[in-house]
Amino acid sequence: MNIASVGIIGAGTMGNGIAQACVVAGLQVIMVDISDAAVAKGIASVADSLDRLVKKDKISLADKEAAMVRITGSTRYDDLKSAQLVIEAATENFELKVKILKQVDALVAPEVIVATNTSSISITQLAAVTSRPDRFIGMHFFNPVPMMALVEIIRGLQTSDATHQAVQAMAQALGKTPITVKNAPGFVVNRILVPMINEAFFVLAEGLATAQDIDAGMKLGCNQPIGPLALADMVGLDVCLAVMEVYLSEYGDSKYRPCPLLKEMVAAGRLGRKTGQGVYSY
């Protein structure tokens, strides 16, 4: 199956990033969100990102204009009917994702593949709420999507070989490097990454070092391009907390307990870059 049209649910950071990767690769995109304002903001983000690439001579102005023609915004799920693949990229919340996936499943044709961009929720469990569990798969992009080469492709217990092959080929067509992962909380990358971020919050809370020195230590000592606390601000502290809570619930192991400082910062609304204040101020 050659995927040429993609529906994306969610026009936020991940949704518009996936949309950008798709339209630059020549795919048609319909991006859906709950309000006209959210859709307009998502499309504007794609345009701004492409403008930056034009200024850096990464793409031509003609390439940018051609890419923007391929993206359409909507607040109507009915408009997803033209897509061969629908990617759900909503907030990391199980109940919300189930609600969205049931709506999509009832609307699109039986042969359409449905994917979720979840970073921690069970693919097998989400697949089970649809009528097409064999055509359901995890397609976990990394932020910022246009820059990050990796896509984790997560097979649920029910995912067919044909679905896996089609999505793997589509990821490669986007210029990404896919890795195939079995279904488990956190999959591979976040299973390792988010507990490291959580541990950095414990180190910060215990006063062992400043945030700046913790990040400098991990950058210079472990060759990481960005420190764990700065990365948490980029990802969103609420997202980091939600992922740790999933791990604690699913594995039942106290090593996954969220740091109290992380929980307090989320309670205070200090979520990182998206709110202008996290570990650092923006």
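Above this text sits the structure in question.
A quick note: this is a predicted structure, and the numbers were derived from the prediction, not measured. Per chain, the residues get numbers from 1 upward, laid out in the order the sequence is written. Per-residue local features are limited, in this predicted model, to residues with pLDDT of at least 70; the limit for side-chain atom pairs, both in listing and counting, is 80 or more; totals at the level of whole chains, interfaces and linings are taken over all residues. Note: side-chain values were computed over all heavy atoms of the structure, leaving out hydrogens and water.

**Here we look at the pattern of salt bridges**
- The term salt bridge refers to a side-chain nitrogen of Lys or Arg lying within 4 Å of a carboxyl oxygen of Asp or Glu. Within the structure shown, the criterion is met by nine salt bridges.
- Here Lys64 ties to Asp51 by a salt bridge, and the two come within 3.2 Å at their closest N and O atoms. Separated by 13 residues along the polypeptide, Lys64 in helix 3 (residues 61-69) and Asp51 in helix 2 (residues 36-55) bring together distant segments of the chain.
- A relative accessible area of 29% places Asp51 in the partly exposed class.
- Its salt-bridge partner being Asp238, residue Lys274 comes within 2.9 Å of it at the nearest N-O pair. Residue Lys274 is found in the segment after helix 11 (260-267), and its partner Asp238 is found in helix 10 (residues 237-251); the two are separated by 36 residues along the sequence.
- The class for Asp238 is partly exposed, based on a relative accessible area of 25%.
- If you follow the salt bridges from partner to partner, you end up with Arg76, Asp78 and Asp79 in one network. Secondary structure is summarised from DSSP: a helix means a run of H or I of at least four residues, a strand means a run of E of at least two, and numbering begins at the N terminus for each. A simple rule labels every residue: compare its accessible area, found with a 1.4 Å probe on the protein chains alone, to the largest value its type can have, and call it buried under 20%, exposed over 50%, or partly exposed in between.

**Things to note about the environment of Val108**
- Relative to the elements of secondary structure, Val108 occurs in the loop between helix 4 (94-107) and strand 5 (113-116).
- Using a relative accessible area of 7% as the deciding quantity, one classes Val108 as buried.
- Separated by 25 residues in sequence, Val108 and Ala83 place their C-alpha atoms 8.1 Å apart.
- Among all residues touching Val108, those that are not within four sequence positions of it are Leu80, Val86 and Arg132. Contacts are assigned to residue pairs with any non-hydrogen atoms lying within 4.5 Å of each other.

**Details of the side chain of Lys97**
- Here Lys97 lies in helix 4.
- Setting aside residues up to four positions removed in sequence, Lys97 forms contacts with Glu88, Ala90, Thr91, Glu92, Thr116, Thr118, Ile121 and Leu126.

**Let's talk about the pairing of strand 4 (residues 85-88)**
- Judged by which residues are buried, strand 4 turns out to be covered on both faces: Leu85 and Ile87 on one side and Val86 and Glu88 on the other are all buried.
- By definition, two strands form a pair when at least two bridges between them are found by DSSP. Inspection of the sheet shows strand 1 (residues 5-9) paired to strand 4 by four bridges, in the parallel sense. Within strand 4, the residue paired with Gly7 across the bridge is Val86.
- Relative to strand 5, strand 4 is paired through four bridges, and the arrangement is parallel. Residue pairing for strand 5: Glu88 is matched across the bridge by Thr116.
- In this region the chain leaves strand 4, passes through helix 4 and returns to the parallel neighbour strand 5; the handedness of that crossover is right-handed. For a crossover, the right-handed case is the one in which the path from the first strand over the helix to the second runs clockwise, viewed with the strands pointing away from the viewer.

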